[in-house]
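# Reading the structure
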Amino acid sequence: MIITLPDGSTREYEVGTSPLQVAESISGRLAKEALVSRINGVAKDLNTPIRSDSSLEILTFNDEYGQHTYWHSTSHLMAHAIKELYPEAKFGVGPAIDNGFYYDFDINTKLSLEDLDKIEKKMVEITNRDEQFKRSELSKKEALALFNGDEYKNELISDFDEENEIISIYGEGNFTDLCTGPHLPSTGKIKYFKLLSVSGSYWRGDEKNKQLQRIYGVSFPKKKMLEDYLERLEEAKKRDHRKLGKELELFHITHEVGAGLPLWLPKGTILREALENFLREEQKKREYQPVVTPHIGNINLYKRSGHYPYYKDSQFPPIKFEGDDEEYLLKPMNCPHHFQIYSSKPRSYRDLPIRLAEFGTVYRYEQSGELNGVTRVRSFAVDDSHMFVRDDQLKDELCSVIDLIQYVFKTLGFEDFVTQLSFRDGDDEKYGGAKELWAKAQTEIKEAADLMKLNYKIEEGEAAFYGPKIDFMVKDALGRKWQLGTVQIDYVMPERFDLEYTGADGQKHRPVVIHRAPFGSLERFIGILIEHFGGDFPTWLAPIQVAIVPVSQNFFDYAEKIKQALKDADIRVEFDTRNEKIGYKIRHWETQKVPYMLIVGEKEVDSNSVSVRRHKVGDKGAMALDEFIAEIKNEISNKIINN
RNA sequence: GCUGACGUAGCUCAGUGGUAGAGCACAUCCUUGGUAAGGAUGAGGUCACGGGUUCAAGUCCCGUCGUCAGCUCCA
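All figures in this text were calculated on a predicted structure; none of them were measured in a lab.

### Some remarks on the pairing of strand S32 (residues 609-614)
- In terms of burial, S32 is largely enclosed, as five of its six residues are buried.
- As judged from the four bridges shared by strand S31 (residues 596-600) and S32, these two strands associate in the antiparallel manner. By the bridge assignment, Met597 is partnered in S32 with Arg613.
- Across six bridges, the pairing between S32 and strand S33 (residues 618-624) is antiparallel.

### Quick word on the protein's contact with RNA strand B
- Among the 59 residues in the neighbourhood of RNA strand B, the closest are listed as Gln211, Ser368, Glu370, Asn579 and Glu604.
- In RNA strand B, atoms within 4 Å of the protein come 49% from sugar and phosphate.
- Contact between RNA strand B and Glu602: a base oxygen at 2.7 Å from a main-chain N or O atom of the residue.
- In the model, a base oxygen of RNA strand B is placed 2.9 Å from a nitrogen or oxygen of the Lys603 main chain.
- Sorting the residues of the surface near RNA strand B by element identifies strand S12 (192-202), strand S13 (211-220), helix H8 (241-247), helix H11 (307-311), helix H18 (582-591), helix H19 (602-607) and S32 as the ones contributing at least two each.

### A look at the sheet that holds strand S30 (residues 573-575)
- The five strands lie next to each other as S30-S29-S31-S32-S33, forming an open sheet whose pairing is mixed. The open sheet has two free edges, formed respectively by S30 and S33, since each of these has just one partner strand. Geometrically, the sheet is characterised by an average inter-axis angle of 25° between neighbouring strands, direction not taken into account.
- Packed on one face of the sheet, helix H20 (residues 625-637) meets strand S29 (546-550), S31, S32 and S33 and runs near 120° to S33.

### A look at the layout of surface pockets
- Quantified by volume, the largest pocket comes out at close to 1,500 Å³.
- Residue lining of the largest pocket: 47 residues in total, with Arg364, Glu366, Arg376, Lys469 and Gln483 positioned closest to the centre.
- Among the elements of the structure, H11, strand S21 (379-389), strand S25 (481-490) and strand S28 (512-517) are those that each provide at least two residues to the lining of the largest pocket.
- In terms of residues, the lining of the largest pocket owes the most to one element, S25, which gives six residues.
- Counted by class, the lining of the largest pocket contains 19 nonpolar, 15 polar and 13 charged residues.
- There is about 840 Å³ of room inside the second largest pocket.
- Lining the second largest pocket are 22 residues, with Asn99, Tyr229, Leu233, Leu478 and Gly479 sitting closest to its centre.

### A short note on the pattern of salt bridges
- As enumerated under the stated definition, the model contains 47 salt bridges in all.
- Note that Glu84 and Lys122 form a salt bridge whose closest N and O atoms lie 3.8 Å from each other. Of the two residues, Glu84 sits in helix H3 (residues 64-85) while Lys122 sits in helix H4 (residues 113-129), which places them 38 residues apart along the sequence.
- With a closest N to O distance of 3.3 Å, Asp471 and Lys469 form a salt bridge.

About the criteria used
Residues numbered from 1 in each chain as written. Chains lettered and ligands numbered in written order. Predicted model: local features only at pLDDT ≥ 70, side-chain atom pairs only at ≥ 80, totals over all residues. Heavy atoms only, no water. Buried < 20%, exposed > 50% of the residue type's maximum accessible area, 1.4 Å probe, protein only. Helix = DSSP H or I, 4+ residues; strand = E, 2+ residues; numbered from the N terminus. Pairing = 2+ DSSP bridges. Near = heavy atom within 4 Å. Polar contact = N/O pair within 3.5 Å; in protein donor to acceptor, adjacent residues only side chain to side chain. Axes fitted to C-alpha atoms, helices over the stretch in contact; angles between N-to-C directions. Contact = heavy atoms within 4.5 Å. 1 Å grid on protein atoms, 1.4 Å probe; cavity = no way out; pocket = protein on both sides within 12 Å on 5 of 7 lines; lining within 4 Å. Points joined across faces, edges and corners; volume = space filled by probe spheres on them. Nonpolar A, V, L, I, M, F, W, Y, C, P; charged D, E, K, R; others polar. Salt bridge = Lys/Arg side-chain N within 4 Å of Asp/Glu carboxyl O.

Take a look at the structure:
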């Protein structure tokens, strides 16, 4: 038979030759590194006999799928070790994920971090036995019999469609697991691994089900790769916004105020206002109208919108005064207030689009386990706008909103965000409004996304209850995905709030509402921004832009003059008058990640100059003060990112 | 909300039943210096909070609050 390799070359082998044997015939090294193969594009074990002319890929750890298989097999190895240590163990699922693998299981012992060492040691023992992963296929009936007594596997097997799916199991030594495969040839292939964390997870992701235990881990064929990976994890922790937020004095969270209720410190507020002003300027150019609305509102507004009944559990309870029949709600979103502004006078088709914008603080009672630094909180400001548009304006307006969000992200250096179109999922009752309007909205959103060349993924079932949306997602330092910007089309609220305008025909018409927020939540956006820059903010955002460091107290007068000049030029400056040596002060301002230090001593006084030191770069030499001011002003006004 | 871990000085952390510690930061003094830590002295604690066991609790047990990882949720 003829085997075609990825480079297009062909080789002839006897029928029944396995991918591993092919690899051996090509090179010893390839055979050693081979993990799994693709025969005619289908992933197969290395020992699968090939029966006819085929194309063949031999995959190593350099291939994504090779890594995937490596991690998947490691998860089986871990399950095997758990089964040997805890014979009562029953197993859920154990897939490979982006960076490693996990396995869910049910055992009588509550595992702690120390137990992971024990499991790791058992895994080493099993890899030393170098047992082969052996595949076999069986009928549904046989499979049910084999996993008799394991309700999780039984449930998985029962879901199999025997007509179209093959049920397979993999065994290594005395451990057998239900699995579609493929796997590595043997446990000995798995060299270096680390179990990272243990936690709970609901069976099949449903909180009504029993909670299993889950162990996450990662593995590599070379020791250096594991070490590098663990080092990257450590590096990532240094970027953690909760750590940097404290070190750089940006925000403070204390249970004395309340969980998830961040306090913005002076330096964090400078950063926050810089972002707000940036967006305000952009919105002014794009003809948005700023508005301001209260932090609470009559509960009827939210009953009418449908938010109150739908999200009752994640809202702070209503506020009620004795002797007053009215109930008020801390506003969980800004839309109803903005709708009232729209309705405050009759609107003509000539007025549309109307774009009302507000940095509106909203309050949501997020589940305690969900709170996370400043990225998931109970009080946050949305850079909200509600845009009231005619049908014929919708697509243009969507495009202009996407353009704004792209501009914001680009200015802040977010290059690798992903976009998700969230559509409805069938007939679920939770969705409000007519189905035809949904279909129309989804089409419009997709057309706008295509026009604006967004690289998107469509997620069915992720829509808001009132309409489909586009979400802009960015990953944090630890690889967790967060939604930042969002654009949502809404035909439902205009109905519920009876919004209208008078058309050219003199008749009443309904506007369409677009909800949009480029940052999403200011709190979350800043959290991600901190991690994105690792605290080394571009100068226009840096809370302190310049630190003046005199060489000794003899030069304080000159330093004071420099400080005044910078303040006059509207630059955020600190003058370090502490009684310390210069090296000490430089270290301090470096750790504070201040973009520029100006060192002034005898030389500078004599030549009427400043010595410039750039954060993370070092001494840039002396220059005239005016020259420095011109350069930094340019850097600030152009929002230059030079990290 | 669930499972597990954790909570000691402003920060990072040591302290496994017997008189609360270190480094950094802070204050005072000496020192007046040239690109990442000069020296001395000092102040700083309801060991998260509440209860219990014990002659004795930072330490053991229970509860509450909070933090962290993951799950679930996310207008």
